[in-house]
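Here is what each chain is made of, one letter per residue.
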Amino acid sequence: MLSGPIVLAAMFASGATSAASLPCAPCAGVLVNDPTVVGAELARPPVLDDESLLFVAWTAPLDGTADPSTLGSIRAAGAEPWVRVVFRSPRPIGDHLEQLEDELRELADLIRDAGGDLHVEAVWLPAGGGTDPQEHAFILKRAAVTVTGAAPDANFVGGPFEPDPDYLTALYQEEVAAYLDGIALAPGPRLSTAVTTLSELDPGKPIALDAVPWPADPASTLVKAAEMTAAGISVTFFEQPRSRMLDLTPLKILAREFYGDLTLSEGAAPRGARSAWAFVRGSDLGLRAIVETTQEIRRTELLFEDRTLRSPRRVDLFTGETTTLGDVRRTSQGGLAVAVDGPGQIMVLGLERRPIEELDGFDERIDVSDTRQIPVEEILRRLQAFEDDQDRRLDHYQAVNTLQLRFQAEQGSVEVSYRGDFFYSRGEPFDWVWKDFFFSGIKWRSKRLPEVPLIQPEKVASLPVEIRLTKDYNYRLRGTATIDGRDCWVIDFRPIDPRPGRSLYQGTVWVDREIFSRVRSRAIQVGLEGEVLSNEETVIFRPVDEHGSPAAWSRDSFILPLTLVGQQTLSVLSITLPVEREINLTEVRINGTDFAKNREIALASDATMVRDTDDGLQYLRKDTSGQRVVDEERDTNRLFLLGGVFWDESVDYPLPLAGANYLDFDFKDTGSQLNVFFAGALLNVAMSDPSLFGSRWNAGASLLGIFFKRTDELYRDGVVVPEEEVRSRTSSGSFFVGRPLATFLKLDLTYRLRYDSYSASDEASVDFVVPQDTFTHTFETGLTYAREGYRIGLSGSFNSRSDWEIWGLPENPEYDPDQQDFTLWRATFAKTWWLPKFRNITVSAEHLDGENLDRFSGYDFGIFGDSTVAGYQSGLVRAHRANGLHLSAGINYLDRIRFDAEIDAVWASNETTGLDNELLAGIGV
């Protein structure tokens, strides 16, 4: 809803100008060498009042010599400070980021808590000369967030730029518009073209002219300021004269008389003068005019055609006092003729207007719908500014870092946890002490913790929301949402050029609408190569005070990423292995005085430590002198000694197992993975390349040997039939390839050659014909989806035996030569819930089916089978179709004993053995 005066002011205006963005028109300022000399001049009458706007600009070096108190002295004199800060960092700026950071730190210290009545103009004068639009934009963005972070209400201006439209266009192509509250131009012959270019590139953005020479007659500053306003300039600076005293009286009068919502109105300017400019005030429709009369004429009559004007007065340019003009008459058309004396004079006139209710045919109020949608670039600037300010306040902190890793293999789930002190110092990689280690809740008792190979995704090329020389991300404002009780902007980001080998993030960031801090972020890493197929992270931010206690959401608090939850999907020997991660920071101590001492104690200890480097987490080991150094050699292999006993009712006696397992994630520096498991009666060798020829495909081979025979009993019509028992031994070799189809979806293709040898058991009938030893060729396709504890699988295989002659008792009705070839397919679903204190619950379901299945190709439910039922031996029950439900849970007693329980229920069907949805159930502990 806009009132009539404002609407009428818009009607009088000849067109929109940038000046409307500042509470004055014309706006002017003075550029001085030493701002301390301005105070005395500003104190002389006429003095500035609260409704005056006069800028005082000066150049402040970013070398530590600038005095922040200057800002206060300028304000105390009634003017508004405009500080020009000069960056000297040379080109190429990418090679001199340290120097730039030093200058930015000086900038933050200069203006911190400066308040809103401040303009900061960033000037880049690189050592050696010359500028580049891309690098210039980078410096402006970095300076803008530093200014906004240190003084949130300050205005940031870039410049002064030479009035070169091509350079300005190239600059704006780097998306600087959201970082600029204004832009400054230097005088030049192409000024008009440059202003036109800026009005197209960044409509409505204030433009400053920095700076024109101080005129011989100080009153001429009024004419120049009005002239520049008509040309699209918002504020005109006049450079302090070096050869004479500074007389700011005309500019002070300009500041007093032309303050408020004034709009240039060419149609309202009087005729009869050498030059004249009129400005309409929106609040009362009053008119202010700057008039320059002709030198030769001693008396000038000015004609105002607007019939509503009245009560003209003149402002004395030496004292600021106003005088009512008496020689006034109405023209035949109803206009106002005003006579003024004095040749070649510059004068300021003020006129009033008839009350709005007296204007015929004009409605007092009208409805205007004008809701501004904040651009996503502006939100990002405020977010970057908040984080820049916090980074400068946050020198270091110490915390306790707890990392929980939850591995979800098809054979079961395992949870491990590392816990210890965490040290962060600005500008340095963080260090982390592994003090405590838990394996499925059981605490590791040895002082020396196991050092596992550190499998991790490659570092991303750049992080979202970072200011960089090159743009890597596109951003989209999706809307708003309430997250953790905070009203947030929701911003989606995605890589501009996603491609394998250049890792970036894609996701969403939630930004607090009040203080512009992060509340939460969720990202998926794209462009991954190697053994990490996918990486998803959700980071939760919370406010704390310097002691780590919960604090209010405010700019004075520290908003830190205290929780990270996510999932990595690994390709381990071509097996898809989801790994859920949860990281929690607790006991945070910010800028503590004992930080350095505590870190030195940790470095001197024998504890296992890791450091975040450009290549990811690396172990910190002690060298020969006892100093901690990053282990540049990536330790990728481990040798485990194994011992135990295997027993299943399908074997005659418990089998002692003793052997070793060798695992290498970078075999002979080829990037291939190798695992060799040998325990006397068992051999399993697997090798894979997680990035075949540098692609997203993985490929590998495996060999499985079982060097003992198992009994395959027959369960028919509810009883065991010993006369048809068979002894069997199996070995196989597999070749496989796989590829992620999406972030959490993987395709696997497998060829397997399996050899089965059969012999009759001692219980078998002499008439029983054992199956012929045979090779089975298997071609299998599988899809696996794994995310947030869910695991869904679909697979199918075609199988062909090389030989399949008649077997069984004479006239065996179960034998069918067509069963030499058979198909299998299955669908599985599982969900794991991870509970506190290493407790977990897993629920899974499956459907198993096939075609042309017989006794030896059907599904088995023992430890070596296709599905397990606790308590059932291998080779006892075979099904051609089955549906199963499984529940497993784990719980710890303190941190010493682990209990795992499982409940299995499978409904099995096999027409040849009399199974019709027969319930197979078991409980295991």
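First things first, this report covers the structure right here in the doc. (Residues numbered from 1 in each chain as written. Predicted model: local features only at pLDDT ≥ 70, side-chain atom pairs only at ≥ 80, totals over all residues. Heavy atoms only, no water.)

Bringing the overall build of the protein into the picture now. A count of helices and strands for the protein gives 11 helices and 53 strands. C-alpha extents for the protein along the principal axes are approximately 140 × 70 × 45 Å. Every one of the 925 residues in the protein was classed for burial, and the buried ones make up 52%. Sequence-distant contacts, at least 24 apart, represent 63% of the contacts inside the protein between residues at least 6 apart. With an accessible surface of roughly 42,700 Å², the protein has 52% of that area assigned to carbon and sulfur atoms. When the 92 basic and 140 acidic side-chain charges of the protein are each reduced to a single mean position, those positions are 5 Å apart. (Helix = DSSP H or I, 4+ residues; strand = E, 2+ residues; numbered from the N terminus. Buried < 20%, exposed > 50% of the residue type's maximum accessible area, 1.4 Å probe, protein only. Contact = heavy atoms within 4.5 Å. Areas by Shrake-Rupley, 256 points an atom, 1.4 Å probe, with all protein chains shown as cover. Lys, Arg positive; Asp, Glu negative; His and termini not counted. Charge placed at Lys NZ, Arg CZ, Asp CG, Glu CD.)

Turning next to the side chain of Glu-537. Structurally, Glu-537 is set in strand β29 (residues 532–544). The exposure class assigned to Glu-537 is buried, which follows from its relative accessible area of 16%. Reaching out from Glu-537, the side chain makes a polar contact with the side chain of Asn-535 at a distance of 3.5 Å. If near-sequence neighbours (up to four positions away) are discounted, Glu-537 is found in contact with Tyr-505, Ser-521, Arg-522, Ala-523, Leu-564, Val-565, Gly-566 and Arg-581. (Polar contact = N/O pair within 3.5 Å; in protein donor to acceptor, adjacent residues only side chain to side chain.)

Moving on, we come to helix α3 (residues 69–76). Turning to α3, its buried residues are Thr-70, Leu-71 and Ile-74. Considered in projection along α3, the buried side chains sweep an arc of 105 degrees and stay on one side of the axis. If you follow the buried residues of α3, they end up packed against β3 (55–61), β4 (80–87) and α4 (97–111). (Arc of directions from axis to C-beta.)

What follows is about helix α11 (residues 595–604). Taken together, the buried positions of α11 are Phe-595, Asn-598, Arg-599, Ala-602 and Leu-603. Buried residues of α11, viewed axially, fall in a sector of 135 degrees; they line one side. Seen from the open side of α11, the exposed residues pointing more than 90 degrees away from its buried face are Ala-596, Lys-597, Glu-600, Ile-601 and Ala-604.

Before going further, it helps to spend a moment on the packing of aromatic side chains. Across all of its chains, the model carries 25 aromatic pairs by this definition. Taking the centre distance of 5.7 Å and the plane angle of 70 degrees together, the rings of Phe-423 and Phe-595 count as edge-to-face. Placement of Phe-423 in strand β21 (residues 412–425) and of Phe-595 in helix α11 is noted, with a sequence separation of 172 residues between them. Note on accessibility: Phe-423 and Phe-595 belong to one class, buried. A centroid spacing of 5.2 Å and a plane angle of 45 degrees characterise the contact between Tyr-751 and Phe-779, whose relative ring orientation is tilted. Taken together, the residues span a long stretch of sequence, with Tyr-751 in strand β44 (residues 745–760) and Phe-779 in strand β45 (residues 774–787) at a distance of 28 residues. Look at Tyr-751 and you get partly exposed, because its relative accessible area is 24%. Chaining the aromatic ring pairs together yields one cluster made of Tyr-418, Trp-432, Trp-434, Phe-437, Trp-444 and Tyr-619. The ring centre of Trp-489 lies 4.1 Å from the NZ or CZ of Arg-513, which sits over that ring. Of note, Arg-801 hangs over the ring of Trp-804, and the distance from its end group to the ring centre comes to 3.7 Å. (Phe/Tyr/Trp six-rings, centres within 6.5 Å; stacked < 30°, edge-to-face > 60°. Lys NZ or Arg CZ within 6 Å of the ring centre and 35° of its normal.)

What follows covers the state of the cysteines. In the structure shown here, the tally under the stated rule is 1 disulfide. At a sulfur-sulfur separation of 1.7 Å, the disulfide partner of Cys-24 is Cys-27. Taking the sign of the S-S torsion, 115 degrees for the link of Cys-24 and Cys-27, the bridge is right-handed. A relative accessible area of 2% places Cys-24 in the buried class. Residue class for Cys-27 comes out buried when judged on its relative accessible area of 1%. (Disulfide = S-S within 2.5 Å.)

Let's shift gears to the sheet that holds strand β8 (residues 207–213). Pairing in this closed barrel of 8 strands is parallel, and the strands run β2-β3-β4-β5-β6-β7-β8-β9 around the ring. Across the sheet, the axes of successive neighbouring strands diverge by a mean angle of 30 degrees, strand direction being ignored. Of the pairings in the sheet, the one linking strand β6 (residues 155–161) to strand β7 (residues 182–185) comprises 3 bridges and is parallel in character. Counterpart to Val-157 in the pairing with β7 is Gly-182. Contacts between helix α5 (residues 133–150) and the sheet are confined to β4, β5 (119–124) and β6, with β6 contributing the most and set at about 155 degrees to the helix. (Pairing = 2+ DSSP bridges. Axes fitted to C-alpha atoms, helices over the stretch in contact; angles between N-to-C directions.)

Once that is clear, we can look at the pattern of salt bridges. For the coordinates displayed, the defined rule picks out 58 salt bridges. Linking Arg-581 and Glu-537 is a salt bridge whose minimum nitrogen-to-oxygen distance equals 2.8 Å. Of the two residues, Arg-581 is situated in strand β31 (residues 575–590) and Glu-537 in strand β29; the sequence distance between them amounts to 44 residues. Members of the salt-bridge network, linked through shared partners, are Arg-112, Asp-389, Arg-393 and Arg-555. (Salt bridge = Lys/Arg side-chain N within 4 Å of Asp/Glu carboxyl O.)

All right, on to the packing of helix α6 (residues 165–172) against helix α7 (residues 191–201) then. It is at 9 Å that the axes of α6 and α7 come closest, and there the two elements cross at 20 degrees. Here α6 is positioned roughly parallel relative to α7, judged by the angle of their axes. Read as a crossing pair, α6 and α7 show a hand that is right-handed. Each of Pro-165, Leu-168, Thr-169 and Tyr-172 in α6 lies in contact with α7, whose residues at this interface are Thr-193, Ala-194, Thr-197, Leu-198 and Leu-201. Along the lines of polarity and charge, the residues of the contact of α6 with α7 split into 6 nonpolar, 3 polar and no charged. (Parallel < 35°, antiparallel > 145°, perpendicular 65-115°, else oblique. Left-handed = near helix turned anticlockwise from the far one by under 90°. Nonpolar A, V, L, I, M, F, W, Y, C, P; charged D, E, K, R; others polar.)

Attention shifts here to the nonpolar core. In globular proteins that are soluble, nonpolar side chains generally tend to be buried together. Judged by nonpolar contacts, the single largest core of 88 residues is most densely connected at Leu-42, Val-85, Phe-87, Leu-107, Ile-111 and Leu-185. Among the elements that make up this core, the one with the highest residue count is α5 (9 residues). Beyond its immediate sequence surroundings of up to four residues, Leu-185 is in contact with Pro-160, Phe-161, Leu-168, Leu-191, Ala-194, Val-195, Leu-198, Ile-207, Ala-208, Leu-209 and Asp-210. Judged by nonpolar contacts, the second largest core, of 33 residues, contains Tyr-418, Phe-437, Leu-562 and Leu-577. (Core = buried A, V, L, I, M, F, W, Y, C linked by side-chain atoms within 4.5 Å.)

Bringing unusual backbone geometry into the picture now. The residue after Pro-45, namely Pro-46, is reached through a cis peptide bond having omega -5 degrees. Among the structural elements, Pro-46 can be located in the loop between α2 (38–43) and β3. Asp-210 connects to Ala-211 through a cis peptide bond whose omega is -10 degrees. A positive phi angle, near 55 degrees, is found at Glu-811, a position not held by glycine. Mapped onto the secondary structure, Glu-811 falls in the loop between β46 (790–801) and β47 (821–835).

With that settled, consider the pairing of strand β25 (residues 473–483). Note that β25 and strand β26 (residues 486–495) share 10 bridges and pair antiparallel. Bridge pairing links Arg-476 to Asp-492 in β26. Linking β25 to β26, which pair antiparallel, is a turn of 2 residues; within it Asp-484 sits at a positive phi near 50 degrees.

With that settled, the discussion passes to the environment of Leu-285. Examined against the element boundaries, Leu-285 turns out to sit in the loop between β11 (275–281) and β12 (287–292). In the structure, Leu-285 is positioned 265 residues away from Pro-550 in sequence and 53 Å away in space, judged by C-alpha atoms.

As a further point, take a negative patch on the surface. The grouping of Asp-614, Asp-615, Glu-632, Glu-633 and Asp-669 at the surface amounts to a negative patch. Mapping Glu-633 onto the fold places it in the loop between β34 (628–630) and β35 (637–646). Of the residues examined, Glu-633 reaches a relative accessible area of 63% and is grouped as exposed. (Patch = residues over 30% accessible without salt bridge, like charges linked within 9 Å, V, L, I, M, F, W, Y side chains within 5 Å.)

Contact geometry for α5 and helix α10 (residues 376–393): axes closest at 7 Å, N-to-C directions at 70 degrees. As judged from the angle between their axes, α5 and α10 are roughly perpendicular. Counting all contacts with α5, which are made through Ala-144, Val-145, Thr-146, Thr-148, Gly-149 and Ala-150, the residues of α10 involved are Arg-381, Arg-382, Gln-384, Ala-385, Asp-388, Asp-389 and Arg-392. Broken down by class, the residue content of the contact of α5 with α10 amounts to 4 nonpolar, 4 polar and 5 charged.

Taken together, the 8 bridges between strand β39 (residues 698–706) and strand β43 (residues 726–742) define a ladder with antiparallel strand orientation. Pairing of Leu-703 across the sheet is with Gly-733, part of β43. The pairing of strand β40 (residues 710–712) with β43 spans 3 bridges and is classified as antiparallel. Considered in β43, the bridge of Thr-711 is made with Arg-727. Pairing between β43 and β44: 16 bridges, direction antiparallel. By the bridge assignment, Ser-734 is partnered in β44 with Arg-752. Counted between consecutive antiparallel strands, the loop separating β43 from β44 contains 2 residues.

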